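Per-entry structural report
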Amino acid sequence: MDDGFELDKMHDIEWHKSFVPLVGRILRIEKVAEEILDQDLPDGSCWTLDSFTKAFVSKLKSVAGEIYGLKSIAAYRSGLEINTNVTNQDAEEGLGQVLLARKPVRIANKNLIDYIFLQSLDVAQSYDLPMQIHTGFGDKDLDMRLANPLHLRSVFEDKRYSKSRIVLLHASYPFSREASYLASVYPQVYLDFGLAIPKLSVHGMISSLKELLELAPINKVMFSTDGCIFPETFYLGAKKSREVVFSVLRDSCLDGDLTVPEAVEAAKGILARNSIHFYKINLANSVISSDNNLQLNVIDDDLETDVSFIRIMWVDNSGQHRCRAVPRKRFNDFVSKNGVGLAFATMGMTSFLDGPAAGSGLGAVGETRLTPDLSTKRRIPWSKEDEMVLGDLNVKPGQAWEYCPRDALRRVSKILKDEFNLVMNAGFENEFFLLKSITREGKEEWIPFDSSPYCSSSAFDAATPVLREVASALHSMGIPVEQLHAEAGKGQFELVLGHTICTKSADNLVYTRETVRAIARKHGLLATFIPKYKLDDLGSGCHVHLSLWQNGKNVFMASDGSSKYGISTLGKEFMAGVLYHLPSILPFVAPLPSSYDRLQPNTWSGAYLFWGNENKEAPLRATSPPGTPGGLTSNFEVKSFDGSANPYLGLAAIISAGIDGLRRHLSLPEPVDTDPNPENLQRLPISLSESLEALHKADFLEEFIGDKLLTCIKAIRKAEIDHYSENKEAYKQLIHRY
């Protein structure tokens, strides 16, 4: 409750506590300043800026533990164009002008108001209190031109206030779109659309909320009735807000922007949850009592939302997904900034043992920091009380550890950008088996849940409950699904993702694998991305389509039909580098011994070293999907990539090879557009041993991947070779790891 009002017959805060679980006080800073200046100093001296500042700041600090936020009405007095560099001299002069007027004091001098605002923001930030700011429409003493929240950009961009939390009130009407923009680009900016409801017409209320949600994240938008003076305003605000929120979110569902469950979550956030988080309201053990002694126990704030754990995920150097789960409060209070400790050994683990490989350089001594990348935080669709976020491996916050796969991909992507002004886009085709459990002779076995042929509609029908839920879950996380179909293996399916910048594409792939496995498990099935589930059936790949972009334009594709094969010179040199180095980068994209059981002739997996135009037997395939201009090629596919590969390392190795091709201006040989003839073509490595030998001979990767990470990867691959050569049946257990 804003305590800046002075009304007849106004009940105090204590009176309200008999009706609601919690009543919190919002302190209006201009009123505090005016009340101080209305008083005389004990020694009879005049107020100076120093004495006023000391009294004002002391007052704010003395009540910081009792209030839930500060509020400024600078928009009413001098406008929102706050001068973040106002000098003490200017403020002192402003104070003098204010004191020349009669009491009660009314502060209207801009320099003094700006000074008071900045002093208050300092206190709010140091005590982790939010600051409410009146923006947009109001009474006639407000200059609407100066109430536009865009005037506050100098505050938002000032590094001194980067940790503040500011909420723009009243939907900033009629500047709702401007407010939405500010909330989308400045992390400290939040929005409240109280007063706009119920003051505007119904159309105006709906229009204003829609404009707020055009850019602003939903978890930054909140509602307050802004009811005051008349009890009816509380009622109308509460009633109309629900109607308007329903109308706007219903339209979002009809437009396909949100699913119904997402809209329900959005409504919970807008009407309650976002405010609880923003104002750090703790409802633990709160009680509502009335004349009938009715009591209502309210859930503890830690459980107020349906998020109880946040999983911090990483992919190790053997390609396995791992996670640490942290309670939400612990995550928000500490882990989001500092991460969690992780033993060095975790990045040296193999597919068969949770222990570091010999020669990896990693062991029992040492600990890295698993730091969440908050831009990747997502609610888990199949476990809505939880969230997940991808983690970086850091020496300390902001400093990457040399064994971090995500950073390896960022590093090589930066080299590609800095040297050639190029960005690589990637889109993955995920092949996987759906298996069901049976018991045979007292032992559990996993067999295909279906035996239908390639692209069978009956197989799709059988798997529809799983596939529909997978597609819906991915959609809710913003991951585009382009196609789904039954593959040629028994119980095998393919899920095709849309292309995007390679770092995000790798993130999407990790979340996709997690989604498929979790939802299959929910339906009593096991989904596995292992490259070779059974030696007598087809393998599963994770083919990746790659293109090069420059200033938003696909420059892998030639600019016109005059280029041979429709590929630009840049595209041909990059692709030539990947083709030339393919044998030595296979340990990154096909990292298990069983990966090479998949890479066999006549299985459309690419067994020989060549490239082709739309040739399914080529390990590198130039493609012209529907929509590509005639005679042009939009991307090329690397078919060797499989589901056991760490996507960050795999893409990093491919970019490294492509950069080498660009630097050396390598020539792309003629394509093979027929079935490959083994007599004329070089066989790709037939085992992980052969590809590891090729990697040992390659000297170009050290610059890109780094010596320590490269040594670790080689050691893990060597351990895989030794283990599976000695344990012929051990590969069967990999369905539980990939």
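Predicted, not measured: the structure shown is a model, and the values here were computed from it.

The subject of this paragraph is helix α5 (residues 88-100). With 13 residues, α5 extends 18 Å between its outermost C-alpha atoms, agreeing within 8% with the 18 Å of an ideal straight helix rising 1.5 Å per residue. Taken together, the buried positions of α5 are A91, G94, L95 and V98. The buried residues of α5 occupy an angular sector of 105° when the element is viewed end-on, so they sit on one face. Facing away from the buried surface of α5 by more than 90 degrees, the exposed residues are Q89, Q97 and L100. Buried residues along α5 sit in contact with α2 (29-38), α3 (49-63) and α6 (110-126).

Here helix α14 (residues 405-420) crosses helix α16 (residues 502-522) at 155°, and the two axes come no closer than 10 Å. Looking at the two axes, α14 sits roughly antiparallel to α16. Considering the relative orientation of α14 and α16, their crossing is right-handed. Facing R406, L409, R410 and S413 of α14, the residues of α16 in contact are C502, T503, A506 and D507.

Let us now look at the side chain of D373. Among the structural elements, D373 can be located in the loop between β11 (367-372) and β12 (378-379). Not counting the four nearest positions on each side in its chain, D373 is found in contact with V389, L390, G391, D392 and R406.

Per the UniProt record, the feature "domain: GS catalytic" (unreviewed entry) sits at residues 405-738. Within residues 405-738, the helical portion is 40% and the strand portion 18%, while the C-alpha atoms at the span's ends are 18 Å from each other.

Helix length check: α6 (17 residues) gives 24 Å between terminal C-alpha atoms against 24 Å at 1.5 Å per residue, within 8%. By the burial criterion, the buried members of α6 are L112, I113, D114, Y115, I116, F117, L118, S120, L121, V123 and A124. Looking one or two places after α6, you find D128, whose phi comes out positive at around 55°.

What follows deals with the packing of aromatic side chains. Enumeration over the complete set of coordinates arrives at 18 aromatic pairs. Ring geometry for F352 and Y724: centres 6.1 Å apart, planes at 85°, overall edge-to-face. Taken together, the residues span a long stretch of sequence, with F352 in the loop between β10 (340-343) and β11 and Y724 in helix α22 (residues 707-726) at a distance of 372 residues. A residue is classified by how much of its surface remains accessible, and Y724, at 10% relative accessible area, is buried.

Criteria and cut-off values
Residues numbered from 1 in each chain as written. Predicted model: local features only at pLDDT ≥ 70, side-chain atom pairs only at ≥ 80, totals over all residues. Heavy atoms only, no water. Helix = DSSP H or I, 4+ residues; strand = E, 2+ residues; numbered from the N terminus. Expected span 1.5 Å × (residues − 1). Buried < 20%, exposed > 50% of the residue type's maximum accessible area, 1.4 Å probe, protein only. Arc of directions from axis to C-beta. Contact = heavy atoms within 4.5 Å. Axes fitted to C-alpha atoms, helices over the stretch in contact; angles between N-to-C directions. Parallel < 35°, antiparallel > 145°, perpendicular 65-115°, else oblique. Left-handed = near helix turned anticlockwise from the far one by under 90°. UniProt positions renumbered as here; feature names shortened; annotations may be inferred. Phe/Tyr/Trp six-rings, centres within 6.5 Å; stacked < 30°, edge-to-face > 60°.

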